[in-house]
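# Structural overview
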Amino acid sequence: MSQEYVILVNQAGERQGLAEKMQAHRDGRLHLAFSVLLYRQAASGLEFLLQQRALGKYHSGGLWTNTCCSHPRDGESLQQAAIRRLGEEMGIREVAQLEEVACFIYRAELDNDLTEHELDYVLVAETSALQIVPNPDEVMACRWWPQAELTAGLETHPEQFTAWFSQVYHKVLASFE
């Protein structure tokens, strides 16, 4: 497998160069990322498609998180990267245009002596019907979470979610207001 690189940025989001992905996570260097959260209208209200990260992931294995997330490659737009990763992680090949609703910087110490320090762009799309075929190397489970259940889960059992997911979720909810 070839080495993957992340795009380093400063606090203003200006490009500062490239770094090998794992080294950037060991060093806690600020880099560009995105989080996609797909949602749908159900009889009971909004539902959000979450994935449970595969246990073999390089960090946060077994935790629930947004539909997909990753890092854009050099020369790749956020839209292109998000569509690529929806396919690679979730097997989702058809999705409406993703809308950028927020971005934020966070820093979190993770397992395996890694640090996430990301400028994370949040992208959303509403969908009614999807063919979902998760990649078992990436995803151990996925399901639609009703908004009330997800909000309660984040309050009562935040340890079952990734370090960044709560911020992603609240940014998405704020975009609906």
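It should be emphasised that the depicted structure is a prediction, and the values quoted were computed from it without experimental measurement.

Checked against the element boundaries, Gln 52 lands in strand 4 (residues 45–53). In this structure Gln 52 comes out as buried when scored by relative accessible area, which is 16%. Between the C-alpha atoms of Gln 52 and Glu 138, which are 86 residues apart in sequence, the distance is 8.7 Å.

With that out of the way, let us pick up the UniProt feature "domain: Nudix hydrolase" (unreviewed entry) in the chain. Following the UniProt record, the feature "domain: Nudix hydrolase" (unreviewed entry) maps to residues 29–167 here. Between the end C-alpha atoms of residues 29–167 the distance is 19 Å, and the span holds 19% helix and 41% strand.

This part takes up the packing of aromatic side chains. For any two aromatic rings, the description comes down to two numbers: the centre-to-centre distance and the angle of the planes. Summed over the entire model, instances satisfying the criterion amount to nine aromatic pairs. Taking 6.4 Å as the distance between ring centres and 35 degrees as the angle between the ring planes, the aromatic pair formed by Tyr 106 and Trp 164 counts as tilted. On the criterion of sequence distance, the pair formed by Tyr 106 in strand 7 (residues 99–109) and Trp 164 in the loop between helix 3 (147–156) and helix 4 (165–176) is long-range, its members being 58 residues apart. There is no split in this pair, since Tyr 106 and Trp 164 are both buried. Here Phe 161 and Phe 165 contribute two aromatic rings whose centre-to-centre distance is 5.7 Å and whose plane-to-plane angle is 20 degrees, an arrangement assigned as stacked. Each member of the pair Phe 161 and Phe 165 is classed as buried. The rings of Tyr 39, Phe 48, Trp 64, Trp 145, Phe 161, Phe 165, Tyr 169 and Phe 176 are connected pair by pair, giving a single aromatic cluster. Sitting over the ring of Trp 145, Arg 143 keeps its end group 3.9 Å from the ring centre.

Within strand 3 (residues 31–42), nine of the 12 residues are buried, leaving the element largely enclosed by the surrounding structure. Strand direction decides the pairing type here: strand 3 and strand 8 (residues 115–126), joined by nine bridges, are parallel. The residue bridging Leu 37 from the neighbouring strand is Val 124, located in strand 8. Note that strand 3 and strand 6 (residues 68–70) share three bridges and pair antiparallel. From the neighbouring strand, Ser 35 faces strand 6, where its bridge partner is Cys 69. Examined bridge by bridge, strand 3 and strand 4 share four bridges and lie antiparallel to one another. Bridge pairing in strand 4 links Tyr 39 to Phe 48. Linking strand 3 back to strand 4 in an antiparallel pair, the connection comprises two residues.

Attention shifts here to the side chain of Asp 120. If you trace the backbone, Asp 120 turns up in strand 8. The buried charged residue Asp 120 lacks any salt bridge, with Lys 171 as its nearest oppositely charged partner at 10.0 Å. Polar side-chain contacts of Asp 120 include one of 2.7 Å to the side chain of Ser 35. Setting aside anything within four residues of it in sequence, one finds Asp 120 in contact with Ala 33, Phe 34, Ser 35, Ala 102, Cys 103, Phe 104, Tyr 106, Trp 164 and Val 168.

As a rule of thumb, soluble globular proteins bury nonpolar side chains together. In terms of nonpolar packing, the biggest core is built from 24 residues, with Leu 37, Phe 48, Leu 50, Leu 150, Phe 161, Phe 165 and Tyr 169 touching the most fellow members. When contributions to this core are tallied by element, the ones reaching two or more residues are strand 3, strand 4, strand 7, strand 8, helix 3 and helix 4. In terms of residue count, helix 4 provides more of this core than any other element does, five residues in total. Each residue touching Leu 50, except ones within four places of it in the same chain, is listed here: Leu 37, Trp 64, Thr 65, Asn 66, Thr 67, Ala 141, Cys 142, Arg 143, Trp 145, Leu 150, Phe 161 and Phe 165. Formed by 22 residues, the second largest nonpolar core is a distinct cluster that contains Leu 49, Cys 68, Ile 92 and Val 139.

What counts as what
Residues numbered from 1 in each chain as written. Predicted model: local features only at pLDDT ≥ 70, side-chain atom pairs only at ≥ 80, totals over all residues. Heavy atoms only, no water. Helix = DSSP H or I, 4+ residues; strand = E, 2+ residues; numbered from the N terminus. Buried < 20%, exposed > 50% of the residue type's maximum accessible area, 1.4 Å probe, protein only. UniProt positions renumbered as here; feature names shortened; annotations may be inferred. Phe/Tyr/Trp six-rings, centres within 6.5 Å; stacked < 30°, edge-to-face > 60°. Lys NZ or Arg CZ within 6 Å of the ring centre and 35° of its normal. Pairing = 2+ DSSP bridges. Lys, Arg positive; Asp, Glu negative; His and termini not counted. Salt bridge = Lys/Arg side-chain N within 4 Å of Asp/Glu carboxyl O. Polar contact = N/O pair within 3.5 Å; in protein donor to acceptor, adjacent residues only side chain to side chain. Contact = heavy atoms within 4.5 Å. Core = buried A, V, L, I, M, F, W, Y, C linked by side-chain atoms within 4.5 Å.

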